[in-house]
Each structure stands twice: as structure tokens, then as C-alpha cells.
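One-letter residues, chain by chain:
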Amino acid sequence: MDYSKQRITPTVLEALLTLAHACGVPQRVQAMFSGEKINITERRAVLHTALRAPRGATVLVEGRNVVRDVHDVLDRMTAFSSTVRKGEWRGHTGKPIRTVVNIGIGGSDLGPAMAYDALLPFTQRDLSVRFVSNVDATDFAEKTRDCDPAQTLFIVSSKTFTTLETMANATTAREWLLRGLGGDSAAVARHFVAVSTNAEKVRAFGIDTANMFGFWDWVGGRYSMDSAIGLSTMLAIGSDAFHEMLRGFHEMDEHFRTTPLERNLPVLMALVGIWNVNFLGAQTLAVLPYDQYLDRFSAYLQQLEMESNGKHVTLDGSRVSWATCPAVWGQPGTNGQHAFYQMIHQGTPLVPCDFIAFCHSHNPLGQHQDLLVANVLAQAEALAFGKTLSEVEKEGSPPWLAPHRQFEGNRPTTTILCPQLDPAMLGRLIALYEHKVFTQGTIWNINSFDQWGVELGKVLAQRIIPELSGPAPSPSHDGSTQQLINRYRAARGL
């Protein structure tokens with residue numbers, strides 16, 4: 001991790017490290033890893049790190065070693081995924097499974113979907129994995145258009161088995177399956193499994209609870225892709241590769257837990273971000289992976305960072321008086337270079353960038369990897385040092401054109417250079433950002449592990465749903481919302 005192109009001096013770094021100590025980062029790290037209930041608004045421990053602890057480790061939650069529970073679920077996932085991958089799991093008509101459709105949203109979708117793309121070279125290519133998350137019917141219709149119901153397995157991922165979007169899509173999937181298989185409800189048990197903790201609702205749906213894979217309230221959704229939520233990932237890459245990913249997670253966990261702050265990668269990345277946001281005034285962070293397999297990595301980090309640290313009150317409920325979370329965005333290079341890099345180089349906002357690159361490609365075609373890495377290194381160099389007006393004029397540009405070709409430089413970037421993208425490396429990268437987010441939340445004195453901001457819209461949606469198709473509702477909303485409801489109903493002929 002090269003952060004030498006950030007706008008940080010040794011004096012600034014020393015002050016930031018002092019800030020981290022003053023905010024109790026080492027103590028908070030210890031509290032998280034030891035299972036203290038640091039998610040204070042929900043009175044929960046925060047132990048996604050236990051999901052990748054090796055068998056035989058001990059992590060106690062209220063006196064219970066939860067690592068044993070984690071590995072019990074992993075063992076069940078391993079046995080199940082093995083039967084599907086080998087073609088031994090048969091659908092209702094006796095055919096093997098060829099398509100797996102994961103139905104979830106938020107943390108039950110973004111992590112597994114990102115991991116599937118990232119680890120595509122390690123997947124079993126005759127087993128297709130797809131992801132349905134949006135309640136927009138188009139998502140389900142397009143993802144299943146060419147599927148054979150007799151060879152399709154659905155994973156319904158919802159801790160409570162009540163998530164609105166997920167259960168709407170799951171119900172549609174059930175109807176789709178039964179239409180395709182003659183209406184025999186017994187087919188559901190051979191074509192649906194659940195990642196949930198609500199056995200009663202899972203059973204009522206028609207899923208055999210022997211094929212229900214659980215997780216725990218000390219795992220937040222956006223930190224859950226290495227739990228049973230990653231069942232689709234294990235089906236795609238196999239249990240050995242999945243455990244390699246867990247090993248990568250754990251290696252970064254141990255680095256974060258044991259390494260002094262001045263050499264601690266997540267801490268240093270967090271402090272760089274604190275400097276950019278709170279002292280230089282940056283409002284966004286561009287994450288720019290130079291690997292096509294990481295096409296969805298920036299989208300994954302949007303939830304990880306913005307749902308975690310997009311908070312406006314401190315741990316004691318007081319209004320914060322400082323900026324907290326930047327807006328995270330980006331897409332793989334080199335595509336972005338021909339889209340938004342213009343603003344990064346010459347625009348008025350300050351846009352710090354994280355570049356992620358790899359020394360080896362899974363597809364070594366000609367000079368492609370050299371061209372790719374040359375571009376990421378060149379972009380970081382150009383952003384750092386730019387091109388002065390005199391340099392432009394020396395190249396022969398007329399005075400009227402020279403200002404347009406000038407680059408101010410001094411635009412901050414971090415470059416993460418890895419050997420190759422594989423399961424262990426993906427685990428390290430994700431854990432790097434997880435612990436960066438936690439460190440920043442500690443310094444901002446906010447709770448990075450709740451998400452009350454997603455609740456209000458859900459509540460209001462439940463209220464509006466019957467008003468869109470039932471009897472004409474009495475006005476009960478603000479004028480704007482009421483008129484939009486009326487126009488929607490009119491367009492639908494109601």
C-alpha cells in the first residue's frame with residue numbers, strides 16, 4: 001500500500017496517530033475482537049472477525065464459544081455445496097442443478113455478487129450463479145429468462161425471512177418454479193434453500209429446515225459475505241477456495257489486531273481518509289480497481305462505508321460537528337479514464353482515489369497486463385505531479401490554449417499493488433476496508449454497526465403499498481406525495 005502520493009507529511013502523520021490514540025483506537029479494537037457489545041444502539045457484539053477464525057480458536061459471546069457454531073455452519077455449507085457441485089443434489093424431476101439464483105438485498109446480495117464476479121476464474125463454469133435483489137420485476141424476469149426450472153436452485157437470504165424485497169422475489173420465484181414443474185408444491189423443497197434464522201417462516205414457505213443455514217445477530221448484513229450469506233460463493237468456487245478466502249480475511253484481521261498503529265495498514269488508510277475528509281474537505285472517495293473481475297467492488301464498498309459511517313450523531317446521541325463519511329464511487333480502469341477522470345484531474349472538487357492493481361492477470365494475453373498497470377501508475381503520477389503552465393508552453397502550446405492543458409497536480413491517491421486476485425487476496429482486501437471503516441468510525445465517535453437510516457423509508461413504503469392499488473385512499477400524505485399517488489393510480493386506471 002503506497003500512500004506516499006497523499007498530501008501528508010511526517011508531522012501530519014504523527015499528529016494523526018496521536019489522534020487515533022487519543023480516540024482510543026487500540027482499546028476499541030480490543031473491545032471488538034473480545035466480543036464486547038460495541039454496537040450500543042442494538043446492544044450487540046460485533047464479531048464478523050469470528051466468521052473467519054480458524055477451527056479451534058475461542059471467541060466468547062456471553063460465555064459461549066461462537067467459533068464452534070461458525071464451523072458447524074461452515075461444515076454444513078461444505079457438505080451441501082459438494083453435493084450440488086458434483087451433481088448429486090437432484091431437483092424435483094431428478095435432474096442435477098445447473099443454475100443457482102441467490103435472492104437477497106443489501107448485504108445479502110452485494111457481497112456474494114461482488115465475490116462471484118471477483119473470483120470467476122475459480123468457479124465451476126458449468127454451474128451458473130445469478131443474483132436477484134431489486135424488487136423491480138425486471139430483475140427477476142431477466143435473471144431467470146433462460147433458466148430451466150428443473151435445474152434451478154434458489155437461495156433465499158433473509159435473516160428474518162420478512163425482508164420486503166427479498167420475500168417478494170422469493171414468492172415470485174416459487175410461483176415461477178411451480179408453473180414450470182406442474183404445480184407440485186413438493187418441488188419447493190428440492191429447489192429452495194434458506195439462509196435465515198426464522199425456521200417457522202422458512203418451513204411455511206415450503207423449504208426443508210434441514211436446508212436452512214443460519215447466522216447470528218453479532219454479524220451485520222454488510223459484514224456477512226463470509227458467513228452463510230456466502231453460500232452462493234461456496235457453491236461457485238468450492239469449499240477449499242472459500243476457506244482460502246476466509247484465511248485471507250483472518251490474516252488481515254490478525255494484522256489489524258496485533259500491528260502497531262504506525263505500521264497498521266487499515267489504520268493508516270483510515271487516517272489518510274480522516275485527513276482528506278476532515279482537514280482537506282474532500283467529500284467523496286473514488287475506488288478504482290484496475291481489474292475487470294472487480295467490476296462490483298466499488299458498489300460493495302458503497303454499502304460497507306456509507307451504511308456504516310453515514311451517521312449524524314455520536315455514540316452518546318449528540319449531533320456531530322464534523323464531516324463523517326465521504327460518498328464512495330468508482331468503476332474499473334481503464335474505462336473510467338474515458339469517463340470521469342477529467343474531473344479528477346482538472347475539476348474543482350478534490351477527489352481522493354484508491355487505485356487497486358495486480359501484477360499478474362488470470363488472462364495473460366499479449367501486453368494487456370503491462371498496458372493496464374502502466375495506466376494505473378501513470379494516472380497516480382499525473383494526479384500527484386500534474387503539468388505546470390510553463391511545461392505546457394515549452395511543449396509549444398499557444399498561450400491561449402496552455403491554461404486548458406495545465407494540470408494542477410497535488411491530487412491525493414493511494415495505490416494498492418497485489419500479486420494476483422485470488423480468494424485469499426480478496427479476503428485481505430475486504431478486511432482491509434472493513435477495519436478502515438471501523439477505525440474511522442472510532443475516531444468520528446459514531447456507531448459503525450447500526451443502520452437506522454434505512455428504516456423510515458421501509459415503514460412509509462408499507463403504508464403506501466395498499467394505497468397504490470386498493471380503494472381510493474383518503475389524503476394522508478404531504479401534497480407532493482399525495483399527488484404522485486393519485487397520478488400513479490390514474491395511469492393504472494384506478
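Everything in this summary refers to the structure shown in the same document.

So, how was this worked out
Residues numbered from 1 in each chain as written. Predicted model: local features only at pLDDT ≥ 70, side-chain atom pairs only at ≥ 80, totals over all residues. Heavy atoms only, no water. Helix = DSSP H or I, 4+ residues; strand = E, 2+ residues; numbered from the N terminus. Polar contact = N/O pair within 3.5 Å; in protein donor to acceptor, adjacent residues only side chain to side chain. Contact = heavy atoms within 4.5 Å. Pairing = 2+ DSSP bridges. Right-handed = clockwise from strand over helix to strand, strands pointing away. Core = buried A, V, L, I, M, F, W, Y, C linked by side-chain atoms within 4.5 Å. Buried < 20%, exposed > 50% of the residue type's maximum accessible area, 1.4 Å probe, protein only. Axes fitted to C-alpha atoms, helices over the stretch in contact; angles between N-to-C directions. Salt bridge = Lys/Arg side-chain N within 4 Å of Asp/Glu carboxyl O.

**A look at the side chain of N169**
- Within the secondary structure, N169 is located in helix α6 (residues 164-180).
- A polar atom in the side chain of N169 sits 3.1 Å from the backbone oxygen of N134.
- Leaving out residues up to four positions away in the same chain, N169 has contacts with I103, V132, S133, N134, V135 and F140.

**Describing the pairing of strand β4 (residues 128-132)**
- The sheet contact formed by strand β3 (residues 99-103) and β4 spans 5 bridges and is parallel. Paired with I103 across the two strands is V132, which belongs to β4.
- Each parallel crossover has a hand, and for β3 linked through helix α4 (residues 110-118) to β4 it is right-handed.

**Quick word on the nonpolar core**
- Grouped together as the largest cluster of nonpolar side chains are 103 residues, with contacts concentrated most on W218, F297, L426 and Y433.
- It is helix α17 (residues 423-444) that contributes the most residues to this core, 11 residues altogether.
- If we skip the residues at most four places from it in the chain, L426 touches M114, A115, A118, L119, M245, L294 and L421.
- Judged by nonpolar contacts, the second largest core, of 24 residues, contains V132, F161, F192 and M212.

**Observations concerning the sheet that holds strand β7 (residues 212-213)**
- Strand order across the open sheet formed by 5 strands is β4-β3-β5-β6-β7, with parallel pairing between neighbours. The open sheet is flanked by β4 and β7, the only strands paired with a single partner.
- When strand β5 (residues 152-157) meets strand β6 (residues 192-195), the two strands line up parallel, connected through 4 bridges. Its bridge partner being in β6, F154 is matched across the sheet by F192.
- Running over the sheet, α6 touches β3, β4, β5 and β6 and is turned about 160° from β5.

**Digging into the side chain of Q303**
- Relative to the assigned elements, Q303 resides in helix α12 (residues 297-309).
- With sequence-adjacent residues up to four places away left out, Q303 is seen in contact with G106, G107, L110, R222 and S308.

**Concerning the pattern of salt bridges**
- In total, this model carries 21 salt bridges according to the counting rule given.
- A salt bridge links E142 to R145, with the shortest nitrogen-to-oxygen separation between them at 3.0 Å.
- Residue R145 is classed as exposed on the basis of its relative accessible area, which comes to 57%.
- One salt bridge in this structure joins R247 and E244, with 2.6 Å as the shortest N-O distance. Of this pair, R247 and E244 both sit in helix α10 (residues 239-258), 3 residues apart, which is roughly one turn of the helix.
- One network of salt bridges, in which partners are shared, links R52, D226, D253 and E434.

Don't take any of this as a statement about function, it's just geometry.
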